[in-house]
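# Structural overview for review
Okay, here's what each chain looks like letter by letter:
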Amino acid sequence: MKNIRNFCIIAHIDHGKSTLADRLLAATQTVTAREEKAQLLDNMDLERERGITIKSHAIQMEYVYQGEKYILNLIDTPGHVDFSYEVSRSIAACEGALLIVDAAQSIQAQTISNLYLALENDLEIIPVLNKVDLPSANPEEVSDDIIDLLGCKLEDIIHASGKTGFGVENILSAIIEKIPAPKGDKNEPLQALIFDSHYNPFRGIEVIFRVKNGEIRKGQKIKFMATGNEYFADEVGTLKLNQVPKDVISTGDVGYLISGIKEAKEVKVGDTITDAKLPTTNMITGFENVKPMVFAGIYPVDTEDFEDLRASMEKLQLNDASLVFAAESSAALGFGFRCGFLGMLHLEIIQERLEREFDMTVITTVPNVSYLAYTKKEPETPIVVNNPSDLPEPSKLDRVEEPYIKATIITKSDFVGNVMSLCIEKRGIITNQTYLTTERVELNFDMPLAEIVFDFYDRLKTVSKGYASFDYSPIGMRTSKLVKLDVLLNGQSVDALSALIHEDNAYNIGKKMCEKLRELIPRQQFDIPIQAAIGAKIIARETIKALRKDVTAKCYGGDISRKRKLLEKQKKGKKRMRQVGNVEIPQEAFMAVLKLN
Ligand code: GDP
Ligand code: MG
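Presented here is an overview of the structure given in this document.

Cut-offs used in this document
Residues numbered from 1 in each chain as written. Chains lettered and ligands numbered in written order. Predicted model: local features only at pLDDT ≥ 70, side-chain atom pairs only at ≥ 80, totals over all residues. Heavy atoms only, no water. Salt bridge = Lys/Arg side-chain N within 4 Å of Asp/Glu carboxyl O. Helix = DSSP H or I, 4+ residues; strand = E, 2+ residues; numbered from the N terminus. Core = buried A, V, L, I, M, F, W, Y, C linked by side-chain atoms within 4.5 Å. Buried < 20%, exposed > 50% of the residue type's maximum accessible area, 1.4 Å probe, protein only. Contact = heavy atoms within 4.5 Å. Patch = residues over 30% accessible without salt bridge, like charges linked within 9 Å, V, L, I, M, F, W, Y side chains within 5 Å. Areas by Shrake-Rupley, 256 points an atom, 1.4 Å probe, with all protein chains shown as cover. Lys, Arg positive; Asp, Glu negative; His and termini not counted. Charge placed at Lys NZ, Arg CZ, Asp CG, Glu CD. Disulfide = S-S within 2.5 Å. Phe/Tyr/Trp six-rings, centres within 6.5 Å; stacked < 30°, edge-to-face > 60°. Lys NZ or Arg CZ within 6 Å of the ring centre and 35° of its normal.

Where side chains of opposite charge bring their charged atoms close, a pairing between them can arise. Tallying each qualifying case throughout the model produces 26 salt bridges. Notably, a salt bridge pairs D156 with K178, separated by 3.7 Å at the nearest N-O pair. With a gap of 22 residues between them, D156 in the loop between α5 (139–150) and β6 (158–159) and K178 in helix α6 (residues 168–178) connect regions that are remote in the sequence. Notably, a salt bridge pairs K511 with E515, separated by 3.4 Å at the nearest N-O pair. Here K511 pairs with E515, and both are found in helix α12 (residues 506–520), just four residues apart, close to one helical turn. Salt bridges here are not isolated pairs; linked through shared partners, they connect E62, K69 and K240.

Now the structure itself:
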């Protein structure tokens, strides 16, 4: 145990965590040159393409230092705010963290939020100034920022480059010298923290854990404390580039477990594994059920594909427990599912996986957060509103509460004005403003989650010319004046286009929404009126003009059979369009409310 070091790497996205992790694996010969591929830890195709680490992974390295052999368990963490709960559990499995700061970008919002998580868990922090090879690197100034943040000494900061490999040996010796060996007692009852799990189509769910006390043996009967489920540990082992089965994983070490679990939802990240016969009384603290933040309807483009879609979603859920869904129906779209996601990135990933891995073509409806509606009826029990159509009639409604977050934004002083205007437009209330240095400012706002999950990142990037970083954490529900904005096409209300909007913005958004839909919905043989309404009151109107006669004539000319072939070909190409009444609505139109600026 004294020669084990468990550590993670925390960084703002793109500061070079994955690249540096690859360097560590190469320097410890955990991977041979032949196996070496860029960003080894990101092994899902989608992760590679998007260049982001979606799920945490762990890998064990061996390193001889001053004649002694050490086991180094590296726990990689996802960099995107959608996955911050996973970051917090990975951090809880470690004694130390490399804090990577890009020498050109300096400290950003996620650097700070992840650092706070690490400090809460009493982790030893090793500051690394990365990308020192960049011509735009500014090591002196960024070092000052790091010293201000950590209160460390200049000589504690390791200069490194994931690109050239510079500094990697220094990082390895700092890991061994500075990060404490794990504590814990081998003779206590088993207590192991689950910090990750993934799905293997042949072997079921693989659980990744860190033993805090006791040990876990092959064949042992174990129990997951949060779910109460019991299993046999069919196989345990350590994670190198491949799994290495072992008879026992002992206190302080990190390993994997396979026990015939079929579904991801049986395994909860943050849960404690114990012995079924001799259980510990202490669950490892910090366990939370992950809650979806964003909800949207997912519907098949072809109504007859509903059952296929269900089967695909069930399969996806086997390996992504954070995806939740329930069947729903829409007057406009027929049968589909209301799905819960961790954030907009997660929604995009699910949609993309449905299309790539399951060959499904789907329509996604306007995303929304989860509201609580209180009716005038006593006693007060709130209705959870995950779909605008679940909102009670205005006459029965007492009030609506919406989720709020605390936003942390770090930007340059030049952009403070712009950032403030944006946040105020998004119904934010400033709670704090701190100058980190003369140039860099940290701003805190209380804001409705609904305003930030959609286009906030992009807007923030624009108004700050890229010099702003952002992170958030939930702070509970607050009463808001929300109304349901409906859209009527050709006089018919299209439920899938409804959205919950703050009263003060309703007229403006209704108007813009009609304008946007006029752009997005293709012209047809007849005029299509578009109306926005609150209850029975029409607040905006536009018209999509009919196609002109000559164009229509052209459409009808030519060889009919050739035309039919063309149509069939189009169908195969599976355009994301839905016929609602006699109007064809493209996918973009369902997202129009998010793209109004
Ligand atoms: P992550 O999001 O923190 O995992 O960052 P990545 O490791 O994916 O790196 C983000 C980008 O920075 C990639 O394009 C890398 O090639 C690049 N990068 C990473 N480390 C260095 C470095 O030390 N020097 C330079 N010049 N580029 C780097
Ligand atoms: Mg990465």
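This paragraph deals with the nonpolar core. Within the largest apolar cluster, 83 residues are counted, with the highest numbers of intra-cluster contacts made by L354, I409, I452, F456, L489, L517 and V593. In contact with L354, other than residues within four places in its own chain, are I298, L309, S312, M313, L316, D359, M360 and V362. With 35 residues, the next largest nonpolar core counts A93, L115, L239 and V254 among its residues.

The subject of this paragraph is a negative patch on the surface. Together, E140, E141, D144, D148, D414 and E439 make up a negatively charged patch on the protein surface. Tracing the sequence through the fold places D414 in the loop between β23 (397–412) and α9 (416–425).

This next bit is on the environment of F7. As for its placement among the helices and strands, F7 is situated in strand β1 (residues 4–11). For the pair F7 and E95, spaced 88 residues apart in sequence, the C-alpha separation works out to 6.0 Å. Residues within four places of F7 in sequence aside, it is in contact with L24, M61, L72, N73, L74, I75, C94, G96, L98, I175 and I179.

Counting across every chain of the model gives zero disulfides. In this structure C152 is a free cysteine whose sulfur lies 17 Å from that of C8, the closest cysteine sulfur available. When its relative accessible area of 16% is taken as the criterion, C152 is described as buried.

Applying the stated criterion to the full structure yields nine aromatic pairs. Between the aromatic rings of F306 and F337, the centroid separation amounts to 5.0 Å while the plane-to-plane angle is 10 degrees, which identifies the pairing as stacked. With a gap of 31 residues between them, F306 in helix α7 (residues 306–319) and F337 in strand β19 (residues 334–341) connect regions that are remote in the sequence. A cation over a ring is seen here: R478 above Y404, with NZ or CZ 4.8 Å from the ring centre.

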